[in-house]
Amino acid sequence: MSGQYKVTLLDSGESYSCGAESTVLKGMEQLGRKGIAVGCRGGGCGICKIEIVRGDYGCQRMSRAHISEEDEARGVVLACRTRPRSDLEVRVLGKLQRAVMRGLG
Amino acid sequence: MAMTGVLRPGHVQLRVLDLDEAVTHYRDYLGLLETHRDSQGRVYLKGWDEQDWFSVVLREADEAGMDHMAFKVLDEETLWRLQADLKKFGCQIERIAAGELDHCGERVRFTAPTGHLFELYAHKDHYGNGIATTNPAPWPEGLKGMQAVRFDHCLVYGEDLEGSVKLFTEVLGFQLTEQIVDGDLQLAAFLTCSTKAHDVAFIRQEGKGKLHHASFLLKTWENVLRAADIISMKDISIDIGPTRHGLTRGQTIYFFDPSGNRNEVFCDDSYVYPDSPVLTWTADRLGQAIFYHSRELNDRFMGVTTGA
């Protein structure tokens, strides 16, 4: 149960080690690594959306406001709800919006 | 004003992805009391010092966010008067039958221009705060977690800020307490129906119907620090704090429920009377307005919401 898997972020080429019991997002955060935007960490806000390009994984429930059934079927998931079952290659899709109030840059 | 119209935030109904996880969070960690489960499976909770049956309803759904926020009004006569005024303002009204939420009377539902569902109701069954009304103790024993006193307010995001501010101030009698402005453009409006720094707050942002946070009152700064300890002890998703807001002066910490809905617990914010001046923060001091100590905006705090 204590398997460690390598998560590679294809956008930057960076990788980090993630435990099987951890989520892809938490694994990144615990090592102080960056690359996937961190939002609510609960599957509700959609900020940490990624596409799993290669590898096996399991997901907990994610908000359908952000991940449709079609998304989920083709590997578009939220990093905060996804646990690795093998090494993973992922593409980062979500991001934090910088301009937050209209009228401010 | 003597409170004769809208009295207070009565409850918020939140959508959660996993009911059991959510109940553990709100009951055992925030310390709300579970008071009921209905035939739809919804769970009802309240802060210990609230007298009515519930102030939070958790509904399991396939997305997170706020179903609606409801305000209690003085009596039925007030409810029907406000319903007529809302219709005159141009709101679509939906009447929700008594008992749709157990222990709650008939509700008048309307959509605010920012896209949020709000409701008014005049009756909710009395539950009590666990303290005698004659020779009362200062607090009840056996409280859990952060020991949240009450559901206090919601802050919500939407595009048509003017519309919602107009509706709440002109139709429902709310008072503007504080605002953020960029020149002539209002970016945020904090509104009260009572003498609090806010009972509901709106921030201008593209989109409709988004929840920024649901907030719960604590008694002291020490309690806010203790909440921070609990957040780490229970591995709750932290957002930011403990810190102080410039807006409202509140001492605060933010975190997320297990479905990603943001919560605040806070203490010691400011208060108003009908003759109090509106407090204004300018956009060039936005950082200080929001986080008084760091004076830096935080992308996650500003940008992450749940809902539509």
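For the structure itself, consult the block above.
Residues numbered from 1 in each chain as written. Chains lettered and ligands numbered in written order. Predicted model: local features only at pLDDT ≥ 70, side-chain atom pairs only at ≥ 80, totals over all residues. Heavy atoms only, no water.

Notes on helix H4 (residues 221-233) of chain B
Residues and elements named next belong to chain B.
(1) Moving on: The end-to-end C-alpha distance of H4 is 18 Å, a good match for the 18 Å that 13 residues give at a rise of 1.5 Å each.
(2) Moving on: Looking only at H4, the buried set comprises Val 224, Ala 227, Ala 228, Ile 230 and Ile 231. Looking straight down H4, one finds that the buried residues subtend no more than 160 degrees of arc, so they occupy a single side. Those residues of H4 that are exposed and angled more than 90 degrees off the buried face are Glu 222, Ser 232 and Met 233.
(3) Moving on: Check the buried side of H4 and you find it contacts helix H1 (19-29), strand S14 (238-244), strand S15 (251-256) and strand S16 (262-267).
(4) Moving on: A positive backbone phi angle near 55 degrees is found at Asp 235, which sits one or two residues after H4. (Helix = DSSP H or I, 4+ residues; strand = E, 2+ residues; numbered from the N terminus. Expected span 1.5 Å × (residues − 1). Buried < 20%, exposed > 50% of the residue type's maximum accessible area, 1.4 Å probe, protein only. Arc of directions from axis to C-beta. Contact = heavy atoms within 4.5 Å.)

Describing the pairing of strand S12 (residues 200-204) of chain B
Residues and elements named next belong to chain B.
(1) Moving on: Burial runs high along S12: five of the five residues are buried.
(2) Moving on: By the alternation rule, side chains of S12 split into Val 200, Phe 202 and Arg 204 and Ala 201 and Ile 203, which are all buried.
(3) Moving on: The pairing of strand S9 (residues 150-158) with S12 spans five bridges and is classified as parallel. Following the sheet pairing, Val 156 is matched in S12 by Phe 202.
(4) Moving on: By the bridge criterion, four bridges tie strand S11 (residues 185-192) to S12 in an arrangement that is antiparallel. Paired with Ala 189 across the bridge in S12 is Phe 202. (Pairing = 2+ DSSP bridges.)

A look at the pairing of strand S7 (residues 88-92) of chain A
On a regular strand, each side chain points to the face opposite its neighbour's, so the side chains alternate between the two faces of the sheet.
Residue and element names in this part refer to chain A.
(1) Moving on: Burial along S7 is one-sided: Leu 88, Val 90 and Val 92 are buried, and none of Glu 89 and Arg 91, which face the opposite way, are.
(2) Moving on: Here strand S1 (residues 4-9) runs beside S7; their pairing, made up of three bridges, is parallel. Across the sheet, the residue bridging to Thr 8 is Glu 89, located in S7.
(3) Moving on: When strand S3 (residues 49-54) meets S7, the two strands line up antiparallel, connected through four bridges. When the bridges of S7 are listed, Ile 52 appears paired with Val 90.

Thoughts on the sheet that holds S3 of chain A
Residue and element names in this part refer to chain A.
(1) Moving on: Read across the open sheet, the five strands follow the order S2-S1-S7-S3-S5; overall the sheet is mixed. At either end of the open sheet lies a strand with only one pairing partner, and these are strand S2 (15-19) and strand S5 (76-78). Neighbour-to-neighbour, the strand axes of this sheet turn through a mean angle of 40 degrees, independent of strand direction.
(2) Moving on: Of the pairings in the sheet, the one linking S1 to S2 comprises five bridges and is antiparallel in character. Considered in S2, the bridge of Gln 4 is made with Gly 19. (Axes fitted to C-alpha atoms, helices over the stretch in contact; angles between N-to-C directions.)

Observations regarding the sheet that holds strand S3 (residues 43-46) of chain B
All names here are of chain B.
(1) Moving on: An order of S2-S3-S4-S1-S5-S8-S7-S6 is seen for the eight strands of this open sheet, with the pairing classed as mixed. Every other strand in the sheet has two partners, leaving strand S2 (33-37) and strand S6 (93-96) as the edge strands with one partner each. For this sheet, the mean angle separating the axes of adjacent strands, direction not counted, is 25 degrees.
(2) Moving on: Sheet topology places S6 next to strand S7 (residues 107-111); four bridges connect them, and they run antiparallel. Across the sheet, residue Glu 94 finds its bridge partner in S7, namely Arg 109.

Observations regarding unusual backbone geometry
All names here are of chain B.
(1) Moving on: The omega angle of the peptide bond from Gly 241 to Pro 242 is 5 degrees, so this bond is cis rather than trans.
(2) Moving on: The residue Pro 242 is located in strand S14 in this model.
(3) Moving on: Of note in this structure, Asn 135 is not a glycine but carries a positive phi near 50 degrees.
(4) Moving on: Position of Asn 135 relative to the elements: it lies in the loop between strand S8 (117-121) and S9.
(5) Moving on: Unusually for a residue other than glycine, Arg 295 sits at a positive phi of about 55 degrees.
(6) Moving on: Mapped onto the secondary structure, Arg 295 falls in the loop between helix H5 (286-290) and helix H6 (299-303).

Comments concerning the interface of chain A and chain B
(1) Moving on: Contacts between the two partners involve 24 residues from chain A and, on the opposite side, 31 residues from chain B.
(2) Moving on: If you look at where chain A meets chain B, you find two salt bridges.
(3) Moving on: Two residues, Glu 60 of chain B and Arg 61 of chain A, come together in a salt bridge whose shortest N-O distance is 3.5 Å.
(4) Moving on: The tally of links from chain A across to chain B stands at nine residue pairs in polar contact (both at pLDDT 80 or more).
(5) Moving on: Of the residues that constitute the side of chain A that touches chain B, the class distribution is ten nonpolar, seven polar and seven charged. (Salt bridge = Lys/Arg side-chain N within 4 Å of Asp/Glu carboxyl O. Polar contact = N/O pair within 3.5 Å; in protein donor to acceptor, adjacent residues only side chain to side chain. Nonpolar A, V, L, I, M, F, W, Y, C, P; charged D, E, K, R; others polar.)

Concerning the packing of helix H2 (residues 76-89) of chain B against helix H3 (residues 161-171) of chain B
The relative placement of two packed helices comes down to the angle between their axes together with the axis-to-axis distance.
Residue and element names in this part refer to chain B.
(1) Moving on: Close contact between H2 and H3 brings their axes to 11 Å; oriented N to C, the two are set at 140 degrees. Remark: the crossing between H2 and H3 carries right-handed chirality. Counted together, Leu 82, Asp 85, Leu 86 and Phe 89 of H2 and Gly 163, Lys 166, Leu 167 and Val 171 of H3 form the full contact between these two elements.
(2) Moving on: Here the contact of H2 with H3 is built from residues that sort into five nonpolar, one polar and two charged. (Left-handed = near helix turned anticlockwise from the far one by under 90°.)

Some points on the nonpolar core
(1) Moving on: With 60 residues, the main nonpolar core has Leu 58, Met 146, Phe 168, Leu 172 and Phe 216 of chain B as its most contacted residues.
(2) Moving on: Membership of the second largest hydrophobic core comes to 22 residues, among which are Val 7, Ile 50, Ile 52 and Cys 80 of chain A. (Core = buried A, V, L, I, M, F, W, Y, C linked by side-chain atoms within 4.5 Å.)

Quick look at the pattern of salt bridges
Residue and element names in this part refer to chain B.
(1) Moving on: In total, this model carries 31 salt bridges over all chains according to the counting rule given.
(2) Moving on: We note a salt bridge from Glu 119 to Arg 107, for which the minimum N-O separation is 2.7 Å. Of this pair, Glu 119 sits in strand S8 while Arg 107 is found in strand S7, placing the two residues twelve residues apart along the sequence. Each member of the pair, Glu 119 as well as Arg 107, is classed as buried.
(3) Moving on: In the salt-bridge network here, residues are joined through shared partners; they are Asp 38, Arg 42, Glu 94, Glu 100, Arg 107, Arg 109 and Glu 119.

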